[in-house]
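Listed here are the chains, written in short residue letters.
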Amino acid sequence: MDKLIIEGGVKLKGEVTVSGAKNAVLPILAATLLTDEPCLIKGVPNLRDTNSMLKILRSLGKFAEFDKGKVSIAAGKTSSYIAEYKLVSTMRASFCVLGPLLGKLKKAKVSLPGGCIIGVRPVDLHLKGMRALGAQISIDSGYVLAQATKLRGAYIYLGGVYGSSVLATDNVMMAAVLARGKTVIESAACEPEVVDLAEFLIKMGAKIKGHGTPVIEIEGVKYLQGAEHLIIPDRIEAGTLVLASLITGGDVLIKNVRYQHLGALIDKLQEAGANLERSDTALRVKGGRKLRSVNITTLPYPGFPTDMQAQMMSLMSVTPGISVITEKIYPDRFMHVAELNRMGAQIQREGPHAIVEGIKSLSGAPVMASDLRASAGLVLAGLAARGKTSVSRIYHLERGYEFIEKKLINLGAKVWREKE
Ligand code: EPZ
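Here is a short report on the structure shown in this document. (Residues numbered from 1 in each chain as written. Predicted model: local features only at pLDDT ≥ 70, side-chain atom pairs only at ≥ 80, totals over all residues. Heavy atoms only, no water.)

Once that is clear, we can look at the overall build of the protein chain. Helices and strands together make up the secondary structure of the protein chain, namely 14 helices and 24 strands. Computed over its C-alpha atoms, the radius of gyration of the protein chain comes to 21 Å, within 12% of the 22 Å expected for a compact globule of 420 residues. Dimensions of the protein chain, computed from the C-alpha atoms along their principal axes, are close to 65 × 45 × 40 Å. Contacts spanning at least 24 positions in sequence make up 73% of the contacts within the protein chain whose residues lie at least 6 apart. As displayed, the protein chain has an accessible area near 16700 Å², and 51% of this comes from carbon and sulfur atoms. (Helix = DSSP H or I, 4+ residues; strand = E, 2+ residues; numbered from the N terminus. Rg over C-alpha atoms; globule rule 2.2 N^0.38 Å. Contact = heavy atoms within 4.5 Å. Areas by Shrake-Rupley, 256 points an atom, 1.4 Å probe, with all protein chains shown as cover.)

The following block contains the structure:
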């Protein structure tokens, strides 16, 4: 295992390009199971999670090659309906092969992903959707077995205790595209990654309307063809880089950004007094201005993303004033609090809230990454801290940030990797 060492206190400067979105590419790769024809996916980030999804596709009979940001899936049938535990357990998003397998083969056996460090993460909404489409569902030995003689379009309300679900919306949409008749998903997730998946399915011949709104309508078709698609830029990587520039008082031009996907973050940063200059597909972030603390509540899109909560907490921990951060998607996603406090931050957790008292500066310390975004938060804290920070279990970061060390080094950061 590797750890990342960061010598803090360098103002980041220069240009950086955002990679394709992890949370768009994973379900889009799964969607290629819906056709026997070749597909070409471009702008694919080279991440641990992308490679995990490719392994799953290969285990299901697909020939997939990944080279220089492009995944080519050869013509050929999906020959297995079983997604094994050893593959699914490495990444929760693998569960989104359930919908396409059921849609295409009318049968799927997919390992239950289980909980993870950010919460319990049930899959009841995914299963509710499959049942509504006519699938028989049983759970045996840690696997979900879903089967149907045929799938029929249905009205499905997909809202859960914490609002809409991204992957449940993806999964149900992928099962419904080949069902007979019309499906209406109400309380659908509106995230840009769901929209990107819908756009890819439409290129394959699916009939989908309303994606990006809480009501998605799908008219089932008999057959889907192969398609080519360019993945949208990763809004969470973009947001993380924005905060990296702000927290170090730097001056960074972030390229390949879809400004409209960052609305809630930008609004909060403007409230905090940040200096952001927008151009067509880029964002220039100039630090150095005194920021004010702001309160944040994470919500489904277009609300403030839970995947930016840890990084924003790092910024607030060195911004004067009190910031109340409320987590409404994963009320236990606060593993980074104790680690930030080891760096001198003043953060108190109270249930789904963290109360952050901004201090002048953090001090470098050994800290441990617990999940992908917590790791990103700790890296930002390390970039801003006095002295040296070592972030262990850095493999979490490799799940979602392509070439992150290289990108930070190009911006002048002093970071390097060491063996633990
Ligand atoms: C997606 O996970 C993302 N993953 C997560 O990104 C992200 O944090 C999350 O959406 C929320 O934005 C991918 O897209 C691969 P949800 P997902 O279903 O779809 C509850 C990252 O760091 N729920 O939208 O699994 C659930 O427990 C990751 O990149 C149910 O109750 O999340 C949560 O409270 C981590 N029943 C809420 O809904 C269900 O059946 C939203 O979760 C499903 C979810």
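In space, the four strands of this open sheet follow the order 22-23-1-24, with mixed pairing throughout. Across the chains shown, the open sheet's two edge strands, defined by having one partner strand only, are strand 22 (366-368) and strand 24 (414-419). Across the sheet, the mean angle separating the axes of adjacent strands is 25 degrees when strand polarity is ignored. Here six bridges tie strand 1 (residues 2-7) to strand 24, and the two strands are oriented antiparallel to one another. Its bridge partner being in strand 24, Glu7 is matched across the sheet by Lys414. (Pairing = 2+ DSSP bridges. Axes fitted to C-alpha atoms, helices over the stretch in contact; angles between N-to-C directions.)

A few words now on the sheet that holds strand 11 (residues 182-186). Across the sheet, four strands lie side by side as 10-11-13-12; this open sheet has mixed pairing. Looking along the sheet, the strands with just one partner apiece sit at the ends: strand 10 (155-157) and strand 12 (207-209). Neighbour-to-neighbour, the strand axes of this sheet turn through a mean angle of 15 degrees, independent of strand direction. Sheet topology places strand 10 next to strand 11; three bridges connect them, and they run parallel.

Right, let's talk about the site of the ligand for a bit. Contacts to the ligand come from 23 residues, most closely from Asp124, Ser165, Asp307, Ile329 and Arg373. Contacts to the ligand include Asp124, whose side-chain N or O atom sits 2.7 Å from a nitrogen atom. Measuring from an oxygen atom of the ligand, one finds a backbone N or O atom of Val166 at 2.8 Å. Relative to its unbound accessible area of 820 Å², the ligand is 92% covered by the protein chains. Broken down by element, the shell around the ligand gets its largest block of residues, three residues, from helix 5 (residues 124-132). For the shell around the ligand, the class distribution of residues is eleven nonpolar, five polar and seven charged. Each of domain 1 (2-19 + 233-419) and domain 2 (22-230) gives at least three residues to the shell around the ligand. (Near = heavy atom within 4 Å. Polar contact = N/O pair within 3.5 Å; in protein donor to acceptor, adjacent residues only side chain to side chain. Nonpolar A, V, L, I, M, F, W, Y, C, P; charged D, E, K, R; others polar. Domains from an automatic or database assignment.)

On to the pairing of strand 3 (residues 39-42). Across the two faces of strand 3 the burial differs, with Cys39 and Ile41 buried and Leu40 and Lys42 not buried at all. Here strand 3 runs beside strand 5 (residues 70-73); their pairing, made up of four bridges, is antiparallel. The partner of Ile41 across the bridge, within strand 5, is Val71. Where strand 3 and strand 14 (residues 228-230) come together, three bridges link them in parallel fashion. (Buried < 20%, exposed > 50% of the residue type's maximum accessible area, 1.4 Å probe, protein only.)

Let us now look at empty space enclosed by the protein. Any empty space left between the atoms is revealed when a probe the size of a water molecule rolls over them. The tally for this structure, following the rule as stated, stands at three cavities of 30 Å³ or more. Counted as a void, the largest cavity has a volume near 70 Å³. A per-element tally of the lining of the largest cavity places helix 12 (residues 372-384) first, with four residues. Here the lining of the largest cavity is built from residues that sort into ten nonpolar, one polar and no charged. (1 Å grid on protein atoms, 1.4 Å probe; cavity = no way out; pocket = protein on both sides within 12 Å on 5 of 7 lines; lining within 4 Å. Points joined across faces, edges and corners; volume = space filled by probe spheres on them.)

Our next topic: the environment of Leu383. Along the chain, Leu383 turns up in helix 12. Through-space distance from the C-alpha of Leu383 to that of Leu408 is 9.6 Å; in sequence the pair is 25 residues apart. Non-local contacts of Leu383, meaning those with residues more than four positions away in its chain, are made with Ile6, Gly8, Gly9, Val10, Leu12, Ala244, Thr248, Leu408, Ala413 and Val415.

This part covers the environment of Asp67. Of note, Asp67 is situated in strand 4 (residues 64-67). The exposure class assigned to Asp67 is partly exposed, which follows from its relative accessible area of 48%.

Before going further, it helps to spend a moment on the side chain of Lys407. Inspection of the secondary structure assignment puts Lys407 in helix 14 (residues 404-410). The class for Lys407 is buried, based on a relative accessible area of 10%.

What follows concerns the nonpolar core. Judged by nonpolar contacts, the single largest core of 76 residues is most densely connected at Val97, Met173 and Leu201. Formed by 66 residues, the second largest nonpolar core is a distinct cluster that contains Ala244, Val252, Phe334 and Leu362. (Core = buried A, V, L, I, M, F, W, Y, C linked by side-chain atoms within 4.5 Å.)

Let us look at the pairing of strand 9 (residues 143-147). The pairing of strand 7 (residues 107-111) with strand 9 spans five bridges and is antiparallel. If you follow Ser111 over to strand 9, its bridge partner there is Tyr143. The pairing of strand 8 (residues 136-140) with strand 9 spans five bridges and is classified as antiparallel. The residue of strand 9 that forms the bridge with Ile137 is Ala146. Linking two consecutive strands that pair antiparallel, namely strand 8 and strand 9, is a turn of two residues; a positive phi of about 50 degrees is found at Ser141 within it.

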